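Listed below are the residues making up each chain.
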Amino acid sequence: MAKGGDKSAAAKKGLKRKAASEEPQETTLSDDGTAEDRVHPPKAAAFPPGFSISEIKNKQRRHLMFTRWKQQQRKAPPKPIPKTIDNQRVFDETVVDPNDEEVAYDEATDEFASYFNRQTSPKILITTSDRPHGRTVRLCEQLSTVIPNSHVYYRRGLALKKIIPQCISRDFTDLIVINEDRKIPNGLVLSHLPHGPTAHFKMSSVRLRKEIKRRGKDPTEHIPEVILNNFTTRLGHSIGRMFASLFPHDPQFIGRQVATFHNQRDYIFFRFHRYIFKSEKKVGIQELGPRFTLKLRSLQKGTFDSKYGEYEWIHKPREMDTSRRKFHL
């Protein structure tokens, strides 16, 4: 009996040695330079497809497997970012690099350099097309309360070519013309004086102050802040500088008013808000109006000249709108 017991014990030891030899080993050098084997524990097996933890009868085993399943779920990769037209935008070579020397030189020598160098102060003339209707007139009046140092002039059959020399002689820096069709404002011409450029926009989605729900009180005479979003290309950079040159340099933050030009997919959304400080950490905004949307149609060198003007950029739908992921601003 003793001999049989010794054989069974030896067999068990042999099985243990065989199992240990089957474990993966890695030979490394110890601190004294001798080789030593390092045994790695076997990796946990992944759950097979169609496996259900509820089929396990043992309560403790079921709880252990459920805990391991929860740990695997926490280690799952994050959800991918959904694809949109904006983040799938086609690369444009004209995207502005803030550190580009050529861009810095162009900004220092373009038509808006005198404004950004604080050599000139904005003075804006706002006018309309011939025989404007009430909605267009009210939009001009509300724009004059948004843009400081702006004056509204109602045209009486006077051509723009005659208005521009008068504006230059009276030290106006910009001219804004609101056009209309069927009593609805549908276009905006912005001309920087005295040497241009001139931009023509299509205007849509116009909402006056009375048409905006939960709007705030009428704006004050404080100089607002200006926010320009997503004007990234060379063309968009020029348009953004045109909008910035309409407002004086130093905003009065005590007025808590901000004018926003937000470009998204070549549509420029204009909003006018007031900050509402609810507490030291919470800040809300209250829209004051008006609001509208602009779409650039052309950018012309010099002042307004519909016949002999030289155009820097013209929107051509058949050639430029072939891809929904191609944007120009």
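Values in this document were obtained by computation on a predicted structure and should not be read as measured data.

Note that predicted coordinates carrying low pLDDT should not be read in detail. Scored by pLDDT, the chain has a mean of 83; 84% of the residues are at 70 or more. Low confidence marks residues 26–35, where pLDDT is under 50. Its contacts with residues over four positions away, or in another chain, come to 14 contacts. Every residue in residues 41–45 is under pLDDT 50, and counting partners more than four places away or in other chains gives zero contacts.

The subject of this paragraph is helix H6 (residues 160–169). Every buried residue of H6 is listed here: Leu160, Ile163, Ile164 and Cys167. Projection of H6 onto a plane perpendicular to its axis shows the buried side chains occupying an angular sector of 105°, all on one side. Facing away from the buried side of H6 by over 90 degrees, the exposed positions are Lys162 and Ser169. Structurally, H6 contributes buried residues whose contacts are with strand S3 (124–128) and strand S5 (174–181). Looking one or two residues beyond H6, the residue adopting positive phi is aspartate 171, at roughly 65°.

So, about the side chain of serine 129. Within the secondary structure layout, serine 129 lies in the loop between S3 and helix H5 (134–146). Overall, the relative accessible area of 14% leaves serine 129 in the buried class. When residues no more than four places from it in sequence are discounted, the contact partners of serine 129 are Arg155, Ile178, Asn179 and Glu180.

So, on to the packing of helix H3 (residues 101–109) against helix H7 (residues 234–244). Contact geometry for H3 and H7: axes closest at 13 Å, N-to-C directions at 30°. As summarised for this structure, H3 and H7 are arranged roughly parallel, according to the angle between their axes. Two packed elements cross with a definite hand, and for H3 against H7 that hand is right-handed. Only Arg234, His237 and Arg241 of H7 make contact with H3, whose side of the interface consists of Glu102, Val103, Asp106 and Glu107. Classifying every residue of the contact of H3 with H7 gives one nonpolar, one polar and five charged.

Below, the discussion takes up the nonpolar core. If you look at the biggest cluster of nonpolar residues, it comprises 37 residues, and the most contacted ones within it are Ile176, Phe201, Ile239, Phe243 and Ile268. Of all hydrophobic cores here, the second largest spans ten residues; its members include Leu160, Ile163, Cys167 and Leu175.

Here strand S6 (residues 184–192) lies mainly inside the structure; seven of its nine residues are buried. Of the pairings in the sheet, the one linking S5 to S6 comprises eight bridges and is antiparallel in character. Bridged to valine 177 within S6 is valine 189. Linking two consecutive strands that pair antiparallel, namely S5 and S6, is a turn of two residues; a positive phi of about 55° is found at arginine 182 within it. The pairing of S6 with strand S7 (residues 198–207) spans five bridges and is antiparallel. Bridging across to S7, valine 189 finds its partner in histidine 200. If you look at the hairpin formed by S6 and S7, you'll find five residues sitting between the two strands, and glycine 196 has a positive phi there, around 85°.

What counts and what doesn't
- Residues numbered from 1 in each chain as written.
- Predicted model: local features only at pLDDT ≥ 70, side-chain atom pairs only at ≥ 80, totals over all residues.
- Heavy atoms only, no water.
- pLDDT = per-residue confidence, 0-100.
- Contact = heavy atoms within 4.5 Å.
- Buried < 20%, exposed > 50% of the residue type's maximum accessible area, 1.4 Å probe, protein only.
- Helix = DSSP H or I, 4+ residues; strand = E, 2+ residues; numbered from the N terminus.
- Arc of directions from axis to C-beta.
- Axes fitted to C-alpha atoms, helices over the stretch in contact; angles between N-to-C directions.
- Parallel < 35°, antiparallel > 145°, perpendicular 65-115°, else oblique.
- Left-handed = near helix turned anticlockwise from the far one by under 90°.
- Nonpolar A, V, L, I, M, F, W, Y, C, P; charged D, E, K, R; others polar.
- Core = buried A, V, L, I, M, F, W, Y, C linked by side-chain atoms within 4.5 Å.
- Pairing = 2+ DSSP bridges.

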